[in-house]
Amino acid sequence: MRWTQTLIPTQKETPSDAQIVSHQLMVRGGIIRQLTAGAYDFLPLGLRSLRKASQIIREEMDAIGCAEVLLPALQPFELWQKTGRDVTYGENLMKFKDRHGRMNVLGPTHEEVVTEMVMAYVSSYRQLPLSLYQIQTKFRDEYRPRFGLLRVREFLMKDAYSFHANLESLNAVYDRFYAAYQKIFTRCGIPFVIVEAEAGPIGGSASHEFMAVCSTGEDTIVTSDKNNYAANVEKAEIGARPFTFDAAPTGELEKVHTPGLPGIEDVGKFMKVKPKNMLKTLVFKATGGEVDWVVAVVRGDHEVNESKLKKAAGEKFGVAAIELTDDEAVRQQWAIGFVSPTAALKAVKAGLLIDPDAAQGGFWAGGANEIDYHVKHFNWRRECGDSLNDPKKVAVADIRNAAAGDPSPKNDGGKLVASKGIEIGHVFKLGTKYSDALGADFLDEKGEKHPMIMGCYGIGVGRILIAAVEAFHDDKGMVWPTAIAPYSVIITPIKYDGEVKAAADRLYEQLNAAGIDTLLDDRDQRPGVKFNDADLIGIPVRVNIGDRGLKEGKFELKRRKVVETEMVAMEAIVDRVQAVLRE
RNA sequence: CGGGGCGUAGCUCAGCUUGGUAGAGCGUCUGGUUUGGGACCAGAAGGUCGCAGGUUCGAAUCCUGUCGCCCCGACCA
């Protein structure tokens, strides 16, 4: 492609509303342009990178026997009601009424649609397993779109779904996808880690996320310094931690007036107590179990992990669901903001769940069960007595988010380390959630009916581009990995005129003939402008053509990521470029 | 949804406090001189100042409303 025939609107100025470097460079380099919150134009360069990433994905999906389909983004709302995701997907679901008054959904993901399709054609174990994928635009009404392509309302996603007659088959195919994802991100040149993950609103039993490690990522990754454990913080377990209720009190219980101070931080400052010496006590409304309330206690500097809490509440008290409520009656009843763990023991149908790090001796400050009052010198045994031994009321469990420095769940002396990442891929074992809800059954060898077992597998194509730019850039601009660079080579004639022009045109033809994606900068611009633009848009190899080299029959080859250049004989240039691109 | 910020030329922004015919740099166009890391000279085009009301002789500027965009927060008491 000739520069003057395409649209590459580079800009010198950094856009003021772009916060992260990938967003800034992608706008400056003419890759993307924002149309509205969470929706971006892909300009020619951006689309080329997107296509290259998509093509790598296609090849690896095809290689594991996954067939490509294209399903509608436009979907009937009733389909989502059948699986209950009209509610569980919540406000993120883009929906609208059409002219007939029918509710429609713009698909944020396609479990319902693909299952509906497969069940129409697949009814025998002989037809299984079956894996299908598509690369298609998804819509999510994100609460707050941000950071360029990172969190958007409309985005390109590869989503795949597998259908199985038994768990062994699911596990085998899951492993194939897992391996294919490793190949895909490796081929794209993205540094990534694989972490254990929560399944979230997609549902299902097992799940891994592929994370591009990156300080601007929205997800927190927790890894063991022994390199044998990695998980999303939402999921990360914490190793064994000893606990005790039977330590000597640190002093007399002292009631402190703490008026109008919401939040651990402020109360702590007011009482001159560090958050790690405070008990954070949260009251959850519980349903479906032996208790109506679940009271969670963690150290003031820790965060309750709701999914861990829910799991623990289920195991200890048979609770099916928990929910924080904000209604005034509850606030009054529990003195919300000033709750002491003792409140759970006094309440008739309440279960108390304590994180091991909170179930310790030493100095504690906490709520006083009275609006605007806290206490100092809280002591578990003195304040709670023998009720602590009642398993129907009290349990100690891992109910908080992991934090840096925590013991590794491998219990091998490893310590957990935290870092940030961008989720670029996610694989799930779904089980029968969707086939049950929609009635996607098959007949086995004996003619018996079973729900199909499913897996699903997603890749955010746009996020591959973000991850690449975040990982590879310098003060001059982007440095694309060759595999997803918009063009592999840019020819920069020092002056597009005379012999230089002729040589540039000739080389352009040669590289094209050799099947190399080449951009010819045929603009009538000064060399500095062209060099700077070439650096900004990050093309891996640049060939400079000028009088100086031409006199000796040579071109100058410059790699984007290397400062030095090399002079290459005209007749050897195509081979040399190919060799450099293969590196 | 709560809080904060911002909407002025294609882009980055000034002007607003203290109302008086709309500015700069970059980019674009014309001519000329230049040409190995974002050239120079001369000239030119380009703006309903987000939108709608209001106050005023007069509004980019003051007031009200509204729309859009960005940031922070939104269970962690």
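Residues numbered from 1 in each chain as written. Chains lettered and ligands numbered in written order. Predicted model: local features only at pLDDT ≥ 70, side-chain atom pairs only at ≥ 80, totals over all residues. Heavy atoms only, no water.

Engineer: I keep staring at the protein's contact with RNA strand B and nothing clicks. Help me out?
Structural biologist: In the vicinity of RNA strand B lie 44 residues, with Tyr143, Arg144, Lys280, Asp535 and Glu556 positioned nearest. Within 4 Å of the protein, the contacting atoms of RNA strand B are 43% sugar and phosphate, with bases supplying the remainder. Contact distances for RNA strand B include 2.8 Å between a base oxygen and a side-chain N or O atom of Arg526. Where the surface near RNA strand B is concerned, the elements lending two or more residues are strand S1 (32-36), strand S14 (279-287), helix H15 (527-537), strand S29 (541-545) and helix H16 (547-551). Of the residues forming the surface near RNA strand B, the biggest block, 7 residues, is contributed by H15. Looking at the surface near RNA strand B, its residues break down into 14 nonpolar, 13 polar and 17 charged. (Near = heavy atom within 4 Å. Polar contact = N/O pair within 3.5 Å; in protein donor to acceptor, adjacent residues only side chain to side chain. Helix = DSSP H or I, 4+ residues; strand = E, 2+ residues; numbered from the N terminus. Nonpolar A, V, L, I, M, F, W, Y, C, P; charged D, E, K, R; others polar.)

Engineer: Looking at this structure, I do not really get the domain arrangement of chain A. What am I missing?
Structural biologist: Note: interface size is frequently given as the accessible area lost on complex formation between the parts. Examined at the domain level, chain A breaks down into domain 1 (15-188 + 432-469), domain 2 (254-396) and domain 3 (487-582). Each of domain 1 and domain 2 was reduced to a C-alpha centroid, and the two centroids are 40 Å apart. (Domains from an automatic or database assignment.)

Engineer: Please clarify how the environment of Ala296 should be interpreted in this entry.
Structural biologist: Tracing the backbone through its elements, the reader meets Ala296 in strand S15 (residues 293-299). A relative accessible area of 0% means that Ala296 is categorised as buried. Sequence spacing of Ala296 and Thr281 is 15 residues, and the spatial spacing of their C-alpha atoms is 5.6 Å. (Buried < 20%, exposed > 50% of the residue type's maximum accessible area, 1.4 Å probe, protein only.)

Engineer: Hey, could you run me through the packing of aromatic side chains in this one?
Structural biologist: On inspection of all chains with the given rule, the structure shows 13 aromatic pairs. Taking 3.7 Å as the distance between ring centres and 5° as the angle between the ring planes, the aromatic pair formed by Phe177 and Tyr457 counts as stacked. Of this pair, Phe177 sits in helix H6 (residues 167-188) while Tyr457 sits in strand S24 (residues 453-460), and the two are 280 residues apart along the sequence. Phe177 sits in the buried class, given a relative accessible area of 0%. Measuring from ring centre to ring centre gives 5.7 Å for Phe185 and Phe210, while their planes differ by 45°; the resulting arrangement is tilted. You can see Phe185 sitting in helix H6 and its partner Phe210 sitting in strand S10 (residues 206-213), a full 25 residues away along the chain. Look at Phe210 and you get buried, because its relative accessible area is 0%. Taken together, the ring pairs connect Tyr178, Tyr181, Phe185, Phe192 and Phe210 into an aromatic cluster. (Phe/Tyr/Trp six-rings, centres within 6.5 Å; stacked < 30°, edge-to-face > 60°.)

Engineer: Would you explain the environment of Arg299 in this entry?
Structural biologist: For Arg299, the position within the fold is in strand S15. Taking the C-alpha atoms as reference, Arg299 lies 9.3 Å from Ile354; in sequence the two are 55 residues apart. Discounting residues that sit within four places of it in the chain, Arg299 has contacts with Pro275, Lys276, Met278, Lys280, Asp357, Ala358 and Trp364. At 2.9 Å, the side chain of Arg299 forms a polar contact with the side chain of Asp301. (Contact = heavy atoms within 4.5 Å.)

Engineer: Sorry if this is basic, but what is going on with the sheet that holds S14 here?
Structural biologist: Note on sheets: strands pair through backbone hydrogen bonds, and any given pair is parallel or antiparallel. An order of S16-S14-S15-S17-S20 is seen for the 5 strands of this open sheet, with the pairing classed as mixed. Each having just a single partner strand, strand S16 (321-323) and strand S20 (394-396) make up the two edges of the open sheet. Between one strand axis and the next, the sheet turns through 30° on average, direction left out of account. Pairing of S14 with S16, which is carried by 3 bridges, proceeds in the antiparallel orientation. Its bridge partner lying in S16, Lys285 is registered against Glu323. Along the sheet, helix H8 (residues 306-317) contacts S14, S15, S16, strand S17 (350-354) and S20; its crossing angle with S17, the most-contacted strand, is approximately 125°. (Pairing = 2+ DSSP bridges. Axes fitted to C-alpha atoms, helices over the stretch in contact; angles between N-to-C directions.)

Engineer: Is there a simple way to think about the pattern of salt bridges in this case?
Structural biologist: Pairs can form between side chains of opposite charge whenever their charged atoms are close. Going through the model one piece at a time under the given rule, you end up with 33 salt bridges. Among the salt bridges present, the one from Arg146 reaches Glu218, with a minimum N-O distance of 3.2 Å. Taken together, the residues span a long stretch of sequence, with Arg146 in the loop between strand S7 (130-139) and strand S8 (154-164) and Glu218 in the loop between S10 and strand S11 (219-224) at a distance of 72 residues. A cluster of three or more residues bridged by salt bridges with shared partners is formed by Arg241, Lys308, Asp355, Asp357, Asp398, Arg400 and Asp406. (Salt bridge = Lys/Arg side-chain N within 4 Å of Asp/Glu carboxyl O.)

Engineer: Quick question: what am I supposed to make of the state of the cysteines here?
Structural biologist: Between two cysteines, a covalent bond joining their sulfur atoms is known as a disulfide. Under the defined criterion, the tally for this structure stands at 0 disulfides. With no disulfide of its own, Cys188 lies 16 Å from the sulfur of Cys214, the closest cysteine sulfur. By relative accessible area, Cys188 is classed as buried at 0%. (Disulfide = S-S within 2.5 Å.)

Engineer: Any chance you could explain unusual backbone geometry here in plain terms?
Structural biologist: Among all residues save glycine, negative phi is the norm, and among peptide bonds the norm is trans. A cis amide bond links Leu128 with the next residue in sequence, Pro129, at an omega value of -5°. Along the chain, Pro129 turns up in the loop between helix H5 (111-121) and S7. Phi is positive for Lys272, which is not a glycine, with a value near 60°. Secondary-structure assignment places Lys272 in the loop between helix H7 (264-271) and S14. Given a relative accessible area of 76%, Lys272 falls into the exposed group. One non-glycine residue, Asn411, adopts positive backbone phi at about 50°.

Engineer: Help me understand the nonpolar core in this model?
Structural biologist: For soluble globular proteins, nonpolar side chains are generally found buried alongside one another. In this structure, Met61, Tyr181 and Ile484 are the most contacted members of the largest nonpolar core, which totals 62 residues. Broken down by element, the residue count for this core peaks at 9 residues, all from H6. Mapped onto the domain boundaries, this core takes at least three residues apiece from domain 1 (15-188 + 432-469) and domain 3 (487-582). Ignoring anything within four residues of it in the chain, the contact list for Tyr181 reads Met61, Lys158, Phe210, Gly425, His426, Val427, Tyr457, Gly458 and Ile459. (Core = buried A, V, L, I, M, F, W, Y, C linked by side-chain atoms within 4.5 Å.)

Engineer: I would appreciate a short explanation of the packing of helix H2 (residues 44-63) against H6 in the present structure.
Structural biologist: Geometrically, a packed helix pair is captured by the angle between its two axes and the distance between the axes. Packing of H2 against H6 brings their axes to within 9 Å, and their N-to-C directions diverge by 150°. One way to sum up the angle between H2 and H6 is to call them roughly antiparallel. In the packing of H2 onto H6, the handedness of the crossing is right-handed. When H2 is examined against H6, the residues Ile56, Ile57, Glu59, Glu60 and Met61 are found in contact with a partner set consisting of Phe177, Ala180, Tyr181, Lys183, Ile184, Arg187 and Cys188. Of the residues belonging to the contact of H2 with H6, the class tally is 8 nonpolar, no polar and 4 charged. (Parallel < 35°, antiparallel > 145°, perpendicular 65-115°, else oblique. Left-handed = near helix turned anticlockwise from the far one by under 90°.)

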